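Observations on the three-dimensional arrangement
Given next are the chains, with one letter for each unit.
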Amino acid sequence: LLYKQHQQPQHQLHRLRHQHQLLQLHLQQSQLQLQQQAEVLYSNQLDYVDAAARKMYEGSYYHTAFELQKVLGVGWTMQAINEETITKVLSRPWTTDNQTFRDRCWTNKQNLVNSVNTQLTQMVIRGEAPDRAISAISKQFDVSRAKAGRLVMTESAYFSSAGQKDCYKALDVERYKIVASFDKDTCSLCADMDGKVFKMSEYQVGLTAPPFHPWCR
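Being a predicted model, the structure only gives us computed values, none of them experimental. The residue count restarts for each chain, going from 1 along the sequence in the order it is written. For this predicted model, a pLDDT threshold of at least 70 governs which residues receive local features, and a threshold of 80 or more governs which side-chain atom pairs are given and counted, while totals over whole chains, interfaces and linings are taken from all residues. Side-chain numbers come from the whole structure's heavy atoms, not from hydrogens or water.

**Side note on the overall build of the chain**
For clarity, the threshold we go by: Put simply, DSSP marks the helices as runs of H or I at least four residues long and the strands as runs of E at least two long, and each gets a number from the N terminus on. Any two residues whose heavy atoms approach within 4.5 Å at even a single point are treated as in contact. Each accessible area is a Shrake-Rupley result for a 1.4 Å probe, and residues are judged covered by the shown protein chains and nothing else.
Of regular secondary structure, the chain possesses five helices and two strands. Order of helices (α) and strands (β) in the chain, N terminus to C terminus: α-α-α-α-β-α-β. Contacts in the chain between residues at least 24 apart in sequence constitute 71% of all its contacts with a sequence separation of at least 6. Put simply, the chain shows about 14,500 Å² of open surface, and 54% of that area lies on carbon and sulfur atoms.

Structure (structure tokens):
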């Protein structure tokens, strides 16, 4: 009888250890799957932002030259933008935190992975129901999706502005005018900037040139 009483706690301890090991294994597998999914997700996002940035820069550069030709009533042949020039523009940080859009994509990915890993770990430690953790993780992906949208919109606005600026410089333009797009989404800041004229020497993103804020068009 004493042997059986001694054996039972040992058996329970062994079972608890086994359950803990299974939970740890499941957690590690989930974290690995999350990391792999995040890599694919943000790799696709990076490719999309890169392609969009190139398109916005090149399109803005040539469109600006075309509009100037219309205003002046004079046509001339523009030298094609080489790939090296576009690559340099894309790799140049322009925000106060000195991050490129590639850096920002990587930071967003790591924040998402770290946040979801925390949710998974807490779920295991607390023994919470899976649906609660799933709900919390879904919210994190929604936040990440919103960040991705803001990144694409703001970076597109910057590279469009950069293309316009470089075209002005190539054509020795001395002053430029802010032209805002007016619709239901136009903010008061952009509306106030509409029509203002600045010297090219005063060109500064966020102060005298768009984007003036996140989500700026």
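On we go from here.
**Observations regarding unusual backbone geometry**
Going from proline 210 to proline 211, the amide bond is cis rather than trans, its omega being 0 degrees. Mapping proline 211 onto the fold places it in the segment after strand E2 (197-199). Residue tryptophan 215 is not a glycine yet carries a positive backbone phi of 70 degrees. Summarising the element assignment, tryptophan 215 is placed in the segment after E2.

**Brief notes about the packing of aromatic side chains**
For clarity, the cut-off: Only the six-membered ring of Trp is used, alongside the rings of Phe and Tyr, when aromatic pairs are assigned; centres must lie within 6.5 Å, and planes under 30 degrees apart are stacked while those over 60 apart are edge-to-face, with the rest tilted. Classification of residues uses two cut-offs on accessible area relative to the type maximum, computed with a 1.4 Å probe and protein chains only: under 20% is buried, over 50% is exposed, and between them is partly exposed.
What the rule picks out here adds up to seven aromatic pairs. For the pair tyrosine 176 and tyrosine 203, a centre-to-centre distance of 5.6 Å together with 55 degrees between the ring planes defines the contact as tilted. Placement of tyrosine 176 in strand E1 (residues 175-177) and of tyrosine 203 in the segment after E2 is noted, with a sequence separation of 27 residues between them. When sorted by exposure, tyrosine 176 lands in the same class as tyrosine 203, which is buried. Feature note: the residues Trp94, Phe101, Tyr158 and Phe159 constitute an aromatic cluster, connected by ring pairs.

**Observations concerning helix H2 (residues 83-90)**
Test applied: The arc refers to the directions leading from the helix axis to the C-beta atoms. The term polar contact refers here to a pair of N or O atoms within 3.5 Å; inside protein, the definition further demands a hydrogen-donor-capable atom paired with an acceptor-capable atom, and it admits residues adjacent in sequence only when both atoms are side-chain atoms.
Those residues of H2 lying buried are Ile86, Val89 and Leu90. Buried residues along H2 cover an arc of 95 degrees about the axis, so they all sit on one side. Taking the backbone nitrogen of glutamate 84 as reference, a side-chain oxygen 3.2 Å away marks asparagine 82 as the first, capping residue of H2.

**As for the nonpolar core**
To be explicit about the condition: Residues grouped as a nonpolar core are buried Ala, Val, Leu, Ile, Met, Phe, Trp, Tyr and Cys residues, joined through side-chain atoms within 4.5 Å.
Of all hydrophobic cores here, the largest spans 18 residues; its most connected members are Tyr57, Leu90, Phe101 and Phe159. Elements with a contribution of two residues or more to this core: helix H1 (2-72), H2, helix H3 (101-126) and helix H4 (130-170). The element that contributes the greatest number of residues to this core is H4, accounting for six residues. Counting residues in each nonpolar core, the second largest holds 11 residues, with Met193, Tyr203, Ala209 and Cys216 among its members.

**Here we look at the environment of glutamate 39**
In this fold, glutamate 39 is placed in helix H1. The spatial distance from the C-alpha of glutamate 39 to the C-alpha of valine 113 is 9.7 Å, given a sequence separation of 74 residues.

**Thoughts on the environment of glutamate 155**
Mapping glutamate 155 onto the fold places it in helix H4. Look at glutamate 155 and you get buried, because its relative accessible area is 4%.

**A short note on the state of the cysteines**
Our working rule: Defined by distance alone, a disulfide is two cysteine sulfur atoms within 2.5 Å.
Following the criterion strictly, the structure yields zero disulfides and no others. Cysteine 187 carries a free sulfur, and the closest cysteine sulfur to it, the one in cysteine 190, is 3.6 Å from it.

**Digging into the side chain of serine 156**
Among the secondary structure elements, serine 156 is positioned in helix H4. A residue is classified by how much of its surface remains accessible, and serine 156, at 14% relative accessible area, is buried. Once residues lying within four places of it in the same chain are set aside, the contact partners of serine 156 are Ala52 and Met56.

**Notes on the environment of phenylalanine 159**
With respect to the element layout, phenylalanine 159 can be found in helix H4. Not counting chain neighbours up to four residues away, the residues in contact with phenylalanine 159 comprise Ala53, Met56, Tyr57, Val89, Leu90 and Phe101.

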